[in-house]
Amino acid sequence: MTRQKILYLTYESLKTQPILRSQVIPLIKAIAEQSDYETDLVTVEESPDRFVRQLSSSVRHLPVQKKNFLRDMVAGLRFMLKNGKNYQIVHVRSYFPMFYLLVYRLFRGRFRLIFDMRGLMPYEFKLRARRRPVYMRYYRVMLFFERLFVRMAGVIVVVSANFQRYLQSVYAVPEEKVFRVSTFAVMRADTPAQRKIVFPDISDPLIFVYSGSMEEWQQFDSVCLLFLEIQKAIPRARLLVLTNQADEAMTFLRHFGDDLFQVRTAPYQEMGGYLQQCHYGFLIRENHLVNQVAAPIKLNDYFSAGLKVIISPNIGDSQHLVEKYGLGLILNDYSHEGVCRFVRAYHEDLQENYDKKLIREVFREQFDIGIAVNKYIQIYNQLLER
């Protein structure tokens, strides 16, 4: 039987974007193993990635060299004009490849196209414009083209129910055109820690963890404020920060006592070993459209390690899941007064022991990679029937 060919396009790099290794590579590898689909993965690299080439005979890596936006779009169009007819489905991750596919459609006509949006890029630029007003130009341009991309796609994939409602309310996208596939995690809960987390001043620390970057929208400053109040109420509380921006993290933590925190940088495959030593994970976000439609991967990482979480409301579908399955606590107000009220109300809950196996069971039911794999295979099958 002839295997159907998928072209998976992204304007990201395996070298600089860990999300490709944690989400895209496991996904296309599993799809290849469980179906008759072959995938050619296009990323922005300097050379073919050996790790990808060794994954499966049905997954091929096609690196393209990044130069500048205009030249990259021209190179993408040339590639499609030369090779586009070899693929039954074109699967686009995020926005940028959609620009040259708009032009390609003028030459090729209609083709089976999946627009896997992942987030609302125009509004991400709008957030950045708070610090650099020039990004408002990008916001307006991307908002204009977003409408064209949505119309051109045969299928749109989103990560949350709020995202789906956004498309239906703003662009009147038919319900049957939009598929919801949440993010997932593939970290093993039993991954051994590369190095045990030890706080020399205390034998039984209650470790709270923040995993992520120091970008403003990640609200690490609010995490620090919340932890300081928790530590006042629970003296054995300690903070672990997992980030690739250790220097930036230290600027936030400079007023902490040195014995209250540790900052670690770890590759994704080692994070599970650190997380399983912790008690609660932090996920705080501003109440903004970008976050309202999101499905943060770090939430899945926490659950895969058996952690309960402290989250702010209105992050995609997260609040509903946390409340439905008892997966943690909701911080509705992260002003100083709101944080103090939260700690007074929940300081006993924050110290309670809980069964991490129950959290992992919910994770397997809601966020296992197998759920996403089956959904994408279903999408591919339905698209081929059109």
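Here's what I pulled together on the structure shown here. Quick caveat, the model's predicted, so the values are computed rather than measured. (Residues numbered from 1 in each chain as written. Predicted model: local features only at pLDDT ≥ 70, side-chain atom pairs only at ≥ 80, totals over all residues. Heavy atoms only, no water.)

### Side note on the overall build of the protein
Helix and strand counts for the protein come out as 16 helices and 13 strands. Within the protein, contacts between residues at least 6 apart in sequence are counted, and of these 69% link residues at least 24 apart. Taken as a whole, the protein presents about 18400 Å² of accessible surface, with 49% of it coming from carbon and sulfur. (Helix = DSSP H or I, 4+ residues; strand = E, 2+ residues; numbered from the N terminus. Contact = heavy atoms within 4.5 Å. Areas by Shrake-Rupley, 256 points an atom, 1.4 Å probe, with all protein chains shown as cover.)

### A short note on unusual backbone geometry
A positive phi angle, near 75°, is found at Ser94, a position not held by glycine. With respect to the helices and strands, Ser94 occurs in the loop between strand S4 (89-93) and helix H4 (97-108). Relative accessible area serves as the criterion here: at 16%, Ser94 is assigned to the buried category. We note that Ala172 has phi near 50°; this positive angle belongs to a residue other than glycine. (Buried < 20%, exposed > 50% of the residue type's maximum accessible area, 1.4 Å probe, protein only.)

### Some details on the pairing of strand S12 (residues 308-311)
Of the two faces of S12, the one carrying Lys308 and Ile310 and the one carrying Val309 and Ile311 are both buried. When strand S11 (residues 280-283) meets S12, the two strands line up parallel, connected through 4 bridges. The partner of Phe282 across the bridge, within S12, is Ile310. In terms of strand pairing, S12 meets strand S13 (residues 328-330) through 3 bridges, oriented parallel. Within S13, the position partnered with Val309 by the bridge is Gly328. (Pairing = 2+ DSSP bridges.)

### Quick notes on the environment of Gln168
Here Gln168 shows up in helix H7 (residues 161-171). Separated by 127 residues in sequence, Gln168 and Leu41 place their C-alpha atoms 30 Å apart. Ignoring sequence-local partners within four residues, the contact set of Gln168 consists of Val173 and Glu175.

### With respect to the sheet that holds strand S9 (residues 237-242)
What links the strands of a sheet is backbone hydrogen bonding, and the strands pair in either a parallel or an antiparallel sense. The 6 strands are arranged S10-S9-S8-S11-S12-S13 in an open sheet whose pairing can be described as parallel. Looking at the sheet topology across the chains shown, the edges are occupied by strand S10 (261-264) and S13. Here the strands of the sheet are splayed against their neighbours by 20° on average, with no regard to which way each runs. Across the face of the sheet, helix H9 (residues 246-253) comes into contact with S9 and S10 while running at roughly 165° to S10. Each of S12 and S13 touches helix H13 (residues 318-325); the most contacted strand, S13, lies at about 130° to it. (Axes fitted to C-alpha atoms, helices over the stretch in contact; angles between N-to-C directions.)

### Examining the environment of Leu350
By secondary structure assignment, the location of Leu350 is in the loop between helix H14 (336-346) and helix H15 (356-366). Taking the relative accessible area as the measure of exposure, Leu350 reaches 0% and is therefore buried. Along the chain, Leu350 and Arg254 lie 96 residues apart, while their C-alpha atoms are 25 Å from each other. Discounting residues that sit within four places of it in the chain, Leu350 has contacts with Leu206, Phe208, Ile230, Ile234, His279, Tyr280, Ile310 and Leu329.

### Here we look at a nonpolar patch on the surface
On the surface, Leu81, Val103, Leu106 and Phe107 cluster together to form a nonpolar patch covering roughly 430 Å² of accessible area. Broken down by element, the nonpolar patch gets its largest block of residues, 3 residues, from H4. Structurally, Val103 can be placed in helix H4. On the basis of relative accessibility, which here comes to 33%, the residue Val103 falls in the partly exposed class. (Patch = residues over 30% accessible without salt bridge, like charges linked within 9 Å, V, L, I, M, F, W, Y side chains within 5 Å. Salt bridge = Lys/Arg side-chain N within 4 Å of Asp/Glu carboxyl O.)

### Brief notes about the side chain of Thr243
In this structure, Thr243 sits in the loop between S9 and H9. Assessed through its relative accessible area of 4%, Thr243 is described here as buried. Here Gln245 takes part through its backbone nitrogen, which lies 3.1 Å from a polar atom of the side chain of Thr243. With near-sequence residues (within four places) excluded, Thr243 lies in contact with Gly212, Ser213, Met214, Ala249, Val263, Arg264 and Thr265. (Polar contact = N/O pair within 3.5 Å; in protein donor to acceptor, adjacent residues only side chain to side chain.)

### Remarks on the pattern of salt bridges
Throughout the structure, instances matching the rule amount to 13 salt bridges. Between Glu45 and Lys15 there is a salt bridge, with its nearest N and O atoms 3.9 Å apart. With Glu45 in the loop between strand S2 (37-44) and helix H2 (50-53) and Lys15 in the loop between strand S1 (4-9) and helix H1 (18-34), this pair connects stretches of sequence that are 30 residues apart. Among the residues examined, Glu45 registers a relative accessible area of 4% and is labelled buried.

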